[in-house]
Amino acid sequence: MAITNEDNLKKIISHAKEYGYVFQSSEIYDGLSAVYDYGQLGSELKKNIKEYWWKAMVQMHENIVGIDAAIFMHPETWKASGHVDAFNDPLIDNKDSKKRYRADVLIEEYIGKIEAKNEKEAEKAQARFGDAFNREQFLATNPNVLRNQSKIDEINARFKACMNNDDLTGVKKLIEDLEIACPISGSKNWTDVKQFNLMFSTEIGSVSETANKIYLRPETAQGIFVNFLNVQKTGRMKIPFGIAQIGKAFRNEIVARQFIFRMREFEQMEMQFFVRPGEEMKWYEYWKNERIKWHQSLGIDQKYYRFHDHIKLAHYANAACDIEFNFPMGFKELEGIHSRTDFDLKQHEKHSGKKLQYFDTELNESYVPYVVETSVGLDRTFLAILSAAFQEQKLEDGSERTVLAIPAFLAPIKVAVFPLIKKDGLPEKAQEIINQLKYDYHCQFDEKDSVGKRYRRQDAIGTPFCITVDHQTLEDNTVTVRDRDTMEQQRVSISALETLFKEKFDVRKLLG
Ligand code: ATP
């Protein structure tokens, strides 16, 4: 069973550290809050996730191309995008614990508790009625569920009204009326709610008098918008088409907890899809469907995912939803899918004085395209995969093992090769096999300790296959291949290994 409660997040964090997946940044100086380094295995997993996303989004779509824009951009970019004026989070402090919170998150968590109550009611009823249970009907008619749901709707409506009217006093009043207490101090002694801008700034230019304030980009999307015409013209792209990008983004998050879920420096994988005005809803639905299919192709149980429609739409959007993942700390945003209208391109036209239009030869007219964006956090995808993969298993013989059941094609080390013993030419034979496989797969040689212990070490880092070279190998060129998930072993001829692994690591079916 994969683990799902918050305490177990601690186990995942310590496992990630122990095996070289994720380290606290500058740990020898006691770390830097909400900044992390990926270790020797973490950086491999991260690279493999990026490649899989890139393959699915760019390589598999003839009408999507990728770019790699700079992190620094002209400061006017962020005025045009609205980030200078409006990239704020409402923050609130608890006067007793001195802890700082995002007001919207406190309210969301309150709603999450009510939703959990409804889920419990449904589970109880399911147990009572068994196969005859109709979940949808139950949720639509049960009086307790309906009462809870109307409470949720009422809170959402109040919050939305406050945010739309910049009524921060109203947000504080809502927190007080709901009697939300600080999880640390338990008190309801709150400060006023304030807006806080999340962008990091620095200065460009070596002489301070002439220096200009610039920002570290808080999202990769704007690098795509400002290059829209460059790419369209040089790539002779025809609408509808997309521009994809993977890169770092920076946000001075107010509440930076929960490991790599919320970091101050993180990576996004974004794609902006440019469409005819009026066709955006069709493409919004299309990309919702494509993106959930991508997540589900990772082989993680479907129950870990759900859609969540935005109630408070950002100033640029006419439809937006999140794909949420059931992280160890509950369902949280993994990816955002937004129909951004022509807001960004129009804003850049206004601020730059340049036309950012497309001439549609079929319609014989020029227009500013509409945009549907898919934006997924690389680090959150990493955490989703890691937390669903982390399993502590009790085996039939009474022993235990910790295994990272990472999808085989994403695993940092694909194949480990062991000589049974350190002599008789077995290490050399093992090395020969690595030399044969290493062009296609990241392999690891291990000759220390018993084979059983070596299996456990590879299980713990998620290596899908272990090959053992023994004396029989020297006679007939066969080896044992052991499968991480089933723990089954089969005898395979060395010459058949490439074909076997080609099939095991093939992503063709997943991308179909
Ligand atoms: P949240 O509501 O959790 O702050 P957001 O709605 O601000 O997220 P977007 O601006 O839509 O996030 O960014 C797109 C994606 O980038 C998110 O779905 C998430 O996966 C990732 N992301 C955003 N902020 C962070 C962060 N601080 N650390 C890691 N990933 C992040």
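All figures in this text were calculated on a predicted structure; none of them were measured in a lab.

**Here's the deal with the site of the ligand**
Inference 1: Near the ligand, the surroundings consist of 16 residues, among which Glu 253, Arg 262, Met 263, Glu 333 and Leu 334 are the closest.
Inference 2: In this structure, an oxygen atom belonging to the ligand sits 3.4 Å away from a side-chain N or O atom of Arg 102.
Inference 3: Arg 251 places a polar side-chain atom, nitrogen or oxygen, 2.9 Å from an oxygen atom of the ligand.
Inference 4: For the shell around the ligand, the secondary-structure elements that each account for two or more residues are β10 (265-275), β13 (330-341) and β16 (370-377).
Inference 5: Element by element, the count of residues in the shell around the ligand is highest for β13, at five residues.
Inference 6: Residue classes in the shell around the ligand are distributed as four nonpolar, five polar and seven charged.

**Quick notes on helix α13 (residues 378-389)**
Inference 1: The terminal C-alpha atoms of α13, which comprises twelve residues, lie 16 Å apart, in line with the 16 Å expected from a rise of 1.5 Å per residue.
Inference 2: With respect to burial, α13 is a largely interior element, twelve of its twelve residues being buried.
Inference 3: Within α13 the residues assigned to the buried category are Leu 378, Asp 379, Arg 380, Thr 381, Phe 382, Leu 383, Ala 384, Ile 385, Leu 386, Ser 387, Ala 388 and Ala 389.

**Here we look at the sheet that holds strand β23 (residues 489-493)**
Sheet strands pair by backbone hydrogen bonding; their relative direction is either parallel or antiparallel.
Inference 1: If you trace the five strands from one edge of the open sheet to the other, you get β20-β19-β21-β22-β23, paired in mixed fashion. Pairing within the sheet leaves two strands with one partner each, and these edge strands are β20 (443-445) and β23. Strand after strand, the sheet turns through a mean of 25° between neighbouring axes, direction not considered.
Inference 2: As defined by bridge partners, strand β19 (residues 415-419) adjoins β20 across three bridges and the pair is classed as parallel. Across the sheet, the residue bridging to Val 417 is Phe 445, located in β20.
Inference 3: Against the sheet, helix α14 (residues 426-437) engages β19, β20, β21 (465-469) and β22 (478-483), with an angle of about 160° to β19.
Inference 4: In the packing of helix α15 (residues 451-461) onto the sheet, contacts are made with β19, β20, β21, β22 and β23, and the angle to β19 comes to roughly 165°.

**What to know about the sheet that holds strand β5 (residues 100-102)**
Inference 1: Pairing is antiparallel across the open sheet formed by three strands, whose spatial order is β5-β4-β6. Sheet topology places β5 and β6 (194-197) at the edges, where each strand pairs with a single neighbour. Geometrically, the sheet is characterised by an average inter-axis angle of 45° between neighbouring strands, direction not taken into account.
Inference 2: By the bridge criterion, three bridges tie strand β4 (residues 88-93) to β5 in an arrangement that is antiparallel.

**Concerning the domain arrangement of the chain**
The extent of an interface is frequently quoted as the accessible surface area lost upon association of the parts.
Inference 1: Along its sequence, the chain is carved into domain 1 (1-72 + 207-401), domain 2 (88-197) and domain 3 (413-511).
Inference 2: Inter-centroid distance (C-alpha atoms) of domain 2 to domain 3 is 51 Å.

**Re the packing of aromatic side chains**
Inference 1: Under the defined criterion, the tally for this structure stands at 27 aromatic pairs.
Inference 2: Seen from their ring centres, Phe 228 and Phe 274 are 4.7 Å apart, and the 40° between their planes marks the pair as tilted. In this pair, Phe 228 sits in helix α10 (residues 228-234) while Phe 274 sits in strand β10, placing the two residues 46 residues apart along the sequence. Each member of the pair Phe 228 and Phe 274 is classed as buried.

**Brief notes about the packing of helix α5 (residues 103-129) against helix α8 (residues 168-177)**
Inference 1: Relative orientation of the contacting elements α5 and α8 amounts to 35°, with a least axis distance of 11 Å. With respect to the hand of their crossing, α5 and α8 are arranged in left-handed fashion. Facing α5, whose interface residues are Ala 103, Leu 106 and Ile 107, α8 presents Val 171, Leu 174 and Ile 175.
Inference 2: Residues of the contact of α5 with α8, tallied by class, amount to six nonpolar, no polar and no charged.

**Points about the environment of Ile 204**
Inference 1: Positionally, Ile 204 belongs in strand β7 (residues 201-204).
Inference 2: Separated by ten residues in sequence, Ile 204 and Ile 214 place their C-alpha atoms 6.5 Å apart.

**Thoughts on unusual backbone geometry**
Inference 1: With omega at 5°, the peptide bond leading from Ile 239 into Pro 240 counts as cis.
Inference 2: Turning to its location among the elements, Pro 240 is positioned in the loop between α10 and β9 (241-250).
Inference 3: In this structure, Asp 30 is a non-glycine residue whose phi angle is positive, near 75°.
Inference 4: With respect to the secondary-structure elements, Asp 30 resides in the loop between β1 (22-24) and β2 (36-38).
Inference 5: Among the residues examined, Asp 30 registers a relative accessible area of 75% and is labelled exposed.

About the criteria used
- Residues numbered from 1 in each chain as written.
- Predicted model: local features only at pLDDT ≥ 70, side-chain atom pairs only at ≥ 80, totals over all residues.
- Heavy atoms only, no water.
- Near = heavy atom within 4 Å.
- Polar contact = N/O pair within 3.5 Å; in protein donor to acceptor, adjacent residues only side chain to side chain.
- Helix = DSSP H or I, 4+ residues; strand = E, 2+ residues; numbered from the N terminus.
- Nonpolar A, V, L, I, M, F, W, Y, C, P; charged D, E, K, R; others polar.
- Expected span 1.5 Å × (residues − 1).
- Buried < 20%, exposed > 50% of the residue type's maximum accessible area, 1.4 Å probe, protein only.
- Pairing = 2+ DSSP bridges.
- Axes fitted to C-alpha atoms, helices over the stretch in contact; angles between N-to-C directions.
- Contact = heavy atoms within 4.5 Å.
- Domains from an automatic or database assignment.
- Phe/Tyr/Trp six-rings, centres within 6.5 Å; stacked < 30°, edge-to-face > 60°.
- Left-handed = near helix turned anticlockwise from the far one by under 90°.

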